[in-house]
Amino acid sequence: MPDFDVLVLGGGPAGVNAALAASAAGLKVALFDENTAAGGQVYRAPVSAAVPLTADQQAEQPGDTLRRELAQSAVITYFNHVVWAVTADYRVDAAGPAGPMHCTGRALIVATGTTERIVPFDGWTIPGVIGLAAATILLKSQGILPGRSTLVAGCGPLLAAVAAKTIEGGGKVQAIADMAGLGDWGRTLPAMMSRPDLMREGFHWWHEISRAGAPILSRHTIVKVEQAHDGLRATLAPCDAAGRPVSGKRRSVVADCIAVGHGLTPSTEITRLLRAKHRYSRQAGGWIAVADMDGRTSRPRLYVAGDGAGIAGAAAASHHGTIAGLACAIDLGATDVDQLRSHVPAARQAHAKAARFGRSMAQLMALRPGHIDSIGPQTIVCRCEDVTRAEIDAACDAGAHDVNQLKAWTRCGMGPCQGRTCEDVTAELLAARAHGGSRERAGCFSARTPLRPVTVEALTGDFSYDDIPIPKAAPL
Ligand SMILES: Cc1cc2nc3c(=O)[nH]c(=O)nc-3n(C[C@H](O)[C@H](O)[C@H](O)COP(=O)(O)OP(=O)(O)OC[C@H]3O[C@@H](n4cnc5c(N)ncnc54)[C@H](O)[C@@H]3O)c2cc1C
């Protein structure tokens, strides 16, 4: 008999809303997240000791509502628990503060969000160069500026978010280098108009940035970062729509932090581990589980929700979570299925509206082929194992037909991050060199346990050597 009806993996807006919907339908639900509280990446709870950077961080945040609703529900929560294994019969193994634990569920909802993508350039592994999304963690959760002076670079809405929050917190933004051009932003306007609240927030950020006099360089990309005596020196170059640096004035910007990000990719390790069907979608951010509009995957009683099912933003993730929670409750035969079904159309409608906005933002962050092509031969692509582009190209030329073969030959993706950081770029390089650009043919890394780095101590917990059964000696 499983311990729970539903296990929800991920405590962001998608996971929490999925858990709330399933629990409200009378199911016994457990939710796991590695963080100390619910909120996920977007509504990340500040750590208690953190000093708020701005007045609005002291005000009620959307994440507070999410956390309060969860606390008032019957959902059993396992925060501070890293899920490191999931088996086909929906047993979840996690490492938590009290040691290892596991439990089983009749159904599983995977709402594990995204991983930040950084397209490598020379110097991207130097300390002080951090992810744009990682900078949001410092700003929101720790109340810490990424640097006294920061260069913000890459693409997508996090550029403005990080720059504005840095300025609000008293930091200096040296420049913003945006790979998108004004025309790219202009094309998002119709979708933006569907969410006037978020559009207002965006305009407020850009207003703060221009008031602070931070230069905004449209269609510019970082080509190199070097350690200089006065900080980190970044070389910026104009780029074309495909992200390829082009001739034109190169600029040098010195800052003590460089926050750079090139989009987000859905986290699909768990659905891959469970051998659900997946497909590649550049627009959705990468590989995603094949699912119906309610998050049902190709495996019975396995659901996906939120950005992990395809990048569509935080607002869409909330509604998608509710939809997946309802679908799961309906499929498990919760009481009053007709009433549950009656909630689905409104949730689907709200999701479609929110996703329209989120997907237009995701388009700004989509991988640009010319950007990948411009990675230099000696640039490190896999930072865990120090594998360069030249080594990847050599493996492709030697006949590596998919990313798993390439991994075996080069160790690319074998480090502690398990390829989360380098997989997208590696597969894109392989696809371009060996498969005419087909990411389907380049494949994706096979997911393996442990899904996240965990210490042996976290897996074994406390034990006495006397309790270890010693097998009798085998007869000679
Ligand atoms: C670092 C980062 C920062 C971001 N900051 C912003 C932002 O400031 N504003 C914005 O609009 N969007 C931001 N995004 C995009 C944002 O993630 C989404 O739009 C939104 O949070 C999606 O909600 P979700 O519920 O689908 O996933 P998430 O909010 O990402 O929630 C997924 C949760 O699952 C947890 N999880 C994943 N795997 C495991 C595991 N194996 N064990 C335990 N827990 C696990 C994660 O820690 C996370 O808490 C950020 C993305 C990233 C990667």
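The model shown is predicted, which means the values in this text are computed figures rather than measured ones. Each chain carries its own residue numbering, running from 1 in the written order of its sequence. Local features are withheld for residues below a pLDDT of 70 in this predicted model, meaning they are given only at 70 or higher, and side-chain atom pairs are given and counted only at 80 or more; totals for whole chains, interfaces and linings count all residues. The side-chain quantities take in all heavy atoms of the structure and omit both hydrogens and water.

Asker: Help me understand the packing of aromatic side chains in this model?
Answerer: For any pair of aromatic rings, the description consists of the separation of the ring centres together with the inter-plane angle of the planes. Note on ring pairs: Phe, Tyr and Trp rings are taken, using the six-membered ring of Trp, and paired if centres are within 6.5 Å. Classes follow the plane angle, with under 30 degrees stacked, over 60 edge-to-face and the rest tilted. Counting across every chain of the model gives 3 aromatic pairs. Ring geometry for F32 and Y78: centres 4.8 Å apart, planes at 15 degrees, overall stacked. Here Y78 lies in strand β3 (residues 76-78) and F32 lies in strand β2 (residues 29-32), a separation of 46 residues in the sequence. Burial here depends on accessible area, computed with a 1.4 Å probe over protein chains only, as a share of the maximum for the residue type. Under 20% is buried, over 50% is exposed, and the range in between is partly exposed. Classification of F32 by relative accessible area gives buried; the value is 1%. Pairing W185 with W206 gives two aromatic rings, centres 6.1 Å apart and planes at 85 degrees, and the pair type is edge-to-face. Helix and strand assignments come from DSSP, with helices taken as H or I runs of at least 4 residues and strands as E runs of at least 2, each series counted from the N terminus.

Asker: Explain the pairing of strand β1 (residues 4-9) here, please?
Answerer: On a regular strand, one side chain projects to one face of the sheet and the next to the other, so that they alternate. Counting buried positions over the 6 residues of β1 gives 6, a clear majority of the element. Any two strands are treated as partners once DSSP identifies two or more bridges connecting them. In this sheet, strand β6 (residues 99-110) lies alongside β1 in parallel orientation, the contact comprising 5 bridges. When the sheet's bridge partners are listed, V8 is paired in β6 with I109. Two elements, β1 and β2, share 4 bridges in a ladder whose sense is parallel. When the sheet's bridge partners are listed, L9 is paired in β2 with F32. What joins β1 to β2 is helix α1 (residues 13-24), and the crossover it makes is right-handed. Here the term right-handed applies to a crossover when the path leading from its first strand over the helix to its second strand runs clockwise, the strands being oriented away from the viewer.

Asker: What is the right way to look at the domain arrangement of the protein in this model?
Answerer: One frequently used descriptor of interface size is the decrease in accessible area upon assembly of the parts. For the domain bounds, the source is a domain assignment made automatically or taken from a database. Domain parsing of the protein yields domain 1 (4-115 + 265-364), domain 2 (118-262) and domain 3 (375-442). For domain 1 versus domain 2, the separation of C-alpha centres amounts to 29 Å. Counting from both sides, the interface comprises 20 residues of domain 1 and, opposite them, 24 residues of domain 2. Here the buried area means the combined drop in accessible surface, using a 1.4 Å probe, for two parts upon being joined, counting both sides. With both chains or domains summed, domain 1 and domain 2 bury close to 1,900 Å², and 64% of this area falls on carbon and sulfur atoms. Salt bridge criterion: a side-chain nitrogen from Lys or Arg within 4 Å of a carboxyl oxygen from Asp or Glu. There are 0 salt bridges connecting domain 1 and domain 2. Polar contacts, as counted here, are pairs of nitrogen or oxygen atoms within 3.5 Å of one another; within protein the pair requires one atom able to donate a hydrogen and one able to accept it, and residues that are adjacent in sequence qualify only if both atoms are side-chain atoms. The tally of links from domain 1 across to domain 2 stands at 2 residue pairs in polar contact (both at pLDDT 80 or more). The element best represented in the side of domain 1 that touches domain 2 is helix α10 (residues 337-364), accounting for 7 residues. By the convention adopted, Pro, Cys, Tyr, Trp, Phe, Met, Ile, Leu, Val and Ala count as nonpolar, Lys, Arg, Asp and Glu as charged, and the other residues, Gly among them, as polar. When grouped by side-chain class, the residues that make up the side of domain 1 that touches domain 2 number 12 nonpolar, 4 polar and 4 charged. In what follows, a contact means two residues having at least one pair of non-hydrogen atoms within 4.5 Å.

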